[in-house]
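Listed below, chain by chain, are the residues.
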Amino acid sequence: MDKRQAVDLAYLVCAITFIIGLKRLSSPRTAVRGNQVAAFGMVLAIGVTLWDADARDLAWIIAGIVIGGVIGAYSARAVKMTAMPQMVALFNGVGGGAAALISISEYHDRIGLATDPATSFLISTLFSAIVGGVSFAGSMIAFGKLQEVISGSPVTVPGQKAVNAVNFIAIVVLAVYLAAGNESEGVLVLAVALSLLLGVSLVMAIGGADMPVVISLLNSFTGLAAAATGFTLHNNLLIIAGTLVGASGALLTQMMSRAMNRSLANVVFGAFGTGSGTAVVGPAGAQGTVRSASADDVAVMLGYARRVVIVPGYGLAVAQAQHVVRELADQLERKGVDVRYAIHPVAGRMPGHMNVLLAEADVPYTQLYEMDEINAEFPRTDVSLVVGANDVVNPAAKNTPGSPIYGMPVLNVDQSQAVVVLKRSMNTGFAGIDNELFTDPKTTMLFGDAKESLANLVTSVKNV
Ligand code: NDP
């Protein structure tokens, strides 16, 4: 076996580990092992690439790996769970930017030689430079919005869609010009600059609430750009890995849009999610009376219930109350209460946010119910305990046609016999809209930090 064959064989093994890793990531039970398998594949891929690399470039590559590795490892350890979406946006953007830079560098090396570059080389290089550029710029804006460095509101100017369309056409014209064999680094740089502008303009126009869908879409773009770079570099593993990222990003985007009951076009062009805190008043009683109670009162409701459904939301993550919510659930189970957790697909600030938090507290997977499974159970639920969730239980999504979240599937907690909401104030959630659930006569508010309120409930339930 010569070196080329050995490299290809090793790449095949890496590709298999990536596929196994992805498959295992689809269930919380196998996700950790899946991550380890894929990480092993990535280490092997890096090792083989170094072995295969031109010795003159090794020092540069190793320096890049060390700097990137230190930054990546530090950020992964230091990042707060609540800031994970912006980190994903940042790392995704860096991937798109890397694909664009490699393409520009490959184009620079290839033009001006005696033989003309092949059309296939030109197409893959241009695709990766342009799509990578859109992904980089878009991801940086998504990062800025989630980190609140820039406003989360959709920023639109009159005629923006027309300008975007003209920009897109200009990029295509420049790409066709270069793909036809006209050599010009200046034109390539102009095309990449326009693609950066397109990424900024597209994502600026989207509200903060839609950032998870946007990041997932841009993730798909980065995967496709990386796959195209694989064609440019004749690297089979990059083609496979990029395609896997592209496909999984596209599938996740589709699933999230479906969970919000919106089309992808509506997410990208709908300027949804003001993030401005403006209240949209529901049709009935959204400004009615709010009933609040003490932990002791709520403990009595919970202690005498047959079934309690816990609905975690972003506030659970902020309060880091995952361990104490588990304590409360254990306490209730000891009293014979049937306890379940209702998981909304976009609760929190990233896909799977609640699953990750509850897994950290060793909540059994059998107690977690997806929205579709649990929604039919609410009429048979004595108490729904909403912990730091707001938008995902807002009945306006069903009852208020003018509401920005109208049409988004929500957890039907309003159908349960009683609702208890744990939050600090009457403040709105991510979408910035009022929640008529809080003034529903069957709702009781327990104001305070979720961790403190839950700790008080644990103590009080013991005495019931
Ligand atoms: P929301 O953002 O709607 O509401 C969270 C609530 O938690 C707030 O109303 C806040 O009220 C309360 N809260 C905050 N801190 C605490 C605390 N320490 N103790 C108790 N309560 C607290 O969260 P949801 O999970 O219901 O909905 C998620 C929203 O985020 C959706 O609009 C979704 O589209 C969007 N989104 C989802 C992402 C994802 O992928 N999951 C990513 C990005 C956005 P108060 O201040 O009064 O305490």
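It should be noted that the structure appears before, not after, this text.
Residues numbered from 1 in each chain as written. Predicted model: local features only at pLDDT ≥ 70, side-chain atom pairs only at ≥ 80, totals over all residues. Heavy atoms only, no water.

(A) Quick look at the packing of aromatic side chains. A full pass over the atoms with the stated rule returns 0 aromatic pairs. The aromatic ring of W51 is capped on one face by K3, whose charged end is 5.1 Å from the ring centroid. The ring of Y314 is capped by R349, whose NZ or CZ atom sits 3.6 Å from the centre of that ring. (Phe/Tyr/Trp six-rings, centres within 6.5 Å; stacked < 30°, edge-to-face > 60°. Lys NZ or Arg CZ within 6 Å of the ring centre and 35° of its normal.)

(B) Representation of the environment of N182 within the structure. As for its placement among the helices and strands, N182 is situated in the loop between helix 6 (160–179) and helix 7 (185–204). For N182, a relative accessible area of 31% gives the class partly exposed. Taking the C-alpha atoms as reference points, N182 and D116, separated by 66 residues in sequence, lie 9.8 Å from one another. In contact with N182, other than residues within four places in its own chain, are Y107 and Y177. (Helix = DSSP H or I, 4+ residues; strand = E, 2+ residues; numbered from the N terminus. Buried < 20%, exposed > 50% of the residue type's maximum accessible area, 1.4 Å probe, protein only. Contact = heavy atoms within 4.5 Å.)

(C) Representation of the site of the ligand. Residues in close proximity to the ligand total 30 residues, the closest being R349, N390, D391, R424 and S425. The contact in question runs from an oxygen atom of the ligand to an N or O atom on the backbone of F430, over 3.0 Å. Here the ligand loses 97% of its free accessible area of 920 Å² to cover by the protein chains. Of all the secondary-structure elements, those providing two or more residues to the shell around the ligand are helix 12 (314–319) and strand 5 (418–423). Tallying contributions element by element places helix 12 first for the shell around the ligand, with 4 residues. Grouping the constituent residues of the shell around the ligand by class yields 15 nonpolar, 10 polar and 5 charged. Each of two domains, domain 2 (82–269) and domain 3 (283–463), supplies a minimum of three residues to the shell around the ligand. (Near = heavy atom within 4 Å. Polar contact = N/O pair within 3.5 Å; in protein donor to acceptor, adjacent residues only side chain to side chain. Areas by Shrake-Rupley, 256 points an atom, 1.4 Å probe, with all protein chains shown as cover. Nonpolar A, V, L, I, M, F, W, Y, C, P; charged D, E, K, R; others polar. Domains from an automatic or database assignment.)

(D) Expanded view of the nonpolar core. If you look at the biggest cluster of nonpolar residues, it comprises 68 residues, and the most contacted ones within it are V311, L385, L454 and L457. Here L385 is in contact with L302, V308, V309, I310, V311, L328, V420, L422 and L454, once residues within four sequence places are set aside. By size, the runner-up hydrophobic cluster in this structure holds 18 residues, among which are F121, V134, L174 and A175. (Core = buried A, V, L, I, M, F, W, Y, C linked by side-chain atoms within 4.5 Å.)

So yeah, pure geometry; function would need other evidence.
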